[in-house]
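# Observations on the model geometry
Here's the letter readout for the chains.
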Amino acid sequence: MITLNVFFKVKPENKQELLAVLNNMVVESNKEEGCHFYQLWNNEDDKNHYALIELWSGKDVLSEHQKTPHWIAFNDVVNTFLTEPYDEHHFSEIAR
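Rules and cut-offs
Residues numbered from 1 in each chain as written. Predicted model: local features only at pLDDT ≥ 70, side-chain atom pairs only at ≥ 80, totals over all residues. Heavy atoms only, no water. Core = buried A, V, L, I, M, F, W, Y, C linked by side-chain atoms within 4.5 Å. Buried < 20%, exposed > 50% of the residue type's maximum accessible area, 1.4 Å probe, protein only. Helix = DSSP H or I, 4+ residues; strand = E, 2+ residues; numbered from the N terminus. Contact = heavy atoms within 4.5 Å. pLDDT = per-residue confidence, 0-100. Axes fitted to C-alpha atoms, helices over the stretch in contact; angles between N-to-C directions. Parallel < 35°, antiparallel > 145°, perpendicular 65-115°, else oblique. Left-handed = near helix turned anticlockwise from the far one by under 90°. Pairing = 2+ DSSP bridges. Polar contact = N/O pair within 3.5 Å; in protein donor to acceptor, adjacent residues only side chain to side chain. Expected span 1.5 Å × (residues − 1). Arc of directions from axis to C-beta.

Our next topic: the nonpolar core. Judged by nonpolar contacts, the single largest core of 24 residues is most densely connected at F8, L18, F74 and Y86. A per-element tally of this core places helix α1 (residues 15-29) first, with 6 residues. Setting aside chain neighbours within four positions, we find Y86 in contact with V6, F7, F8, W71, F74, N75, V78 and N79.

Structural data, given as C-alpha cells:
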C-alpha cells in the first residue's frame, strides 16, 4: 500500500478554480482500480491550505493513475493556482 499526502497553498483569488480541479480528481480517482481512498481536506487554521490524502494498492496502480486524462489535466494547471508548487509525500506501510 502507498499513501500520498499532497499539499496545496492556493492563491485566494484562484480558490474556486483549484477546488473545481481537485474535486474532479476526487470523483475520477475514486473510480480507479487500486484506489482505496482519495479525499480532499482543508486546513482548519489556514483556509487557503488544502491536502489530498490518497491510498493506493501499490506503485504500479499509482503509476497508471498518473497517465489518466484527469491527472494529466490536473498536473497541467494546478500550480498556476498556487502560491508555490504543490508538495507531495509518499509513504509505505511498515510491516508489523
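Once that is clear, we can look at the confidence of the model for the protein. Looking at the protein, the pLDDT average stands at 95 and 100% of residues meet or exceed 70. Within the protein, strand β3 (residues 49-56) carries the highest mean pLDDT (98), whereas helix α2 (residues 59-65) carries the lowest (94).

Here α1 crosses helix α3 (residues 69-77) at 160 degrees, and the two axes come no closer than 10 Å. For the element pair α1 / α3, the angle class is roughly antiparallel. Note that α1 runs across α3; the crossing there is left-handed. For the pair α1 and α3, the contacting residues are V21, L22, N24, M25, E28 and S29 in the first and H70, W71, F74 and V77 in the second.

We now examine the pairing of strand β1 (residues 2-9). The pairing of β1 with β3 spans 8 bridges and is classified as antiparallel. Paired with I2 across the bridge in β3 is W56. Sheet topology note: the β1/strand β4 (residues 87-92) ladder contains 6 bridges and is antiparallel. In the sheet register, N5 faces β4, and the bridge partner there is H89.

Attention shifts here to the environment of W56. By the element assignment, W56 lies in strand β3. With 19 residues separating them along the chain, W56 and F37 place their C-alpha atoms 7.2 Å apart. Apart from residues no more than four positions distant in its own chain, W56 is found in contact with M1, I2, L4, S29, E32, G34, C35, H36, Y38, V61, L62 and H65. A distance of 2.9 Å separates a polar atom in the side chain of W56 from a polar atom in the side chain of E54.

In this section: α1. Residues three or four positions apart in an α-helix share a direction because the helix packs 3.6 residues into each turn. Across its 15 residues, α1 extends 21 Å between first and last C-alpha, which sits within 8% of the 21 Å expected from 1.5 Å per residue. Taken residue by residue, α1 has K15, L18, L19, V21, L22, M25, V26 and S29 as its buried positions. All buried residues of α1 lie within an arc of 165 degrees about the axis, which places them on one face of the element. In this fold, the buried residues of α1 make contact with β1, β2 (35-42), β3, α2 and α3.

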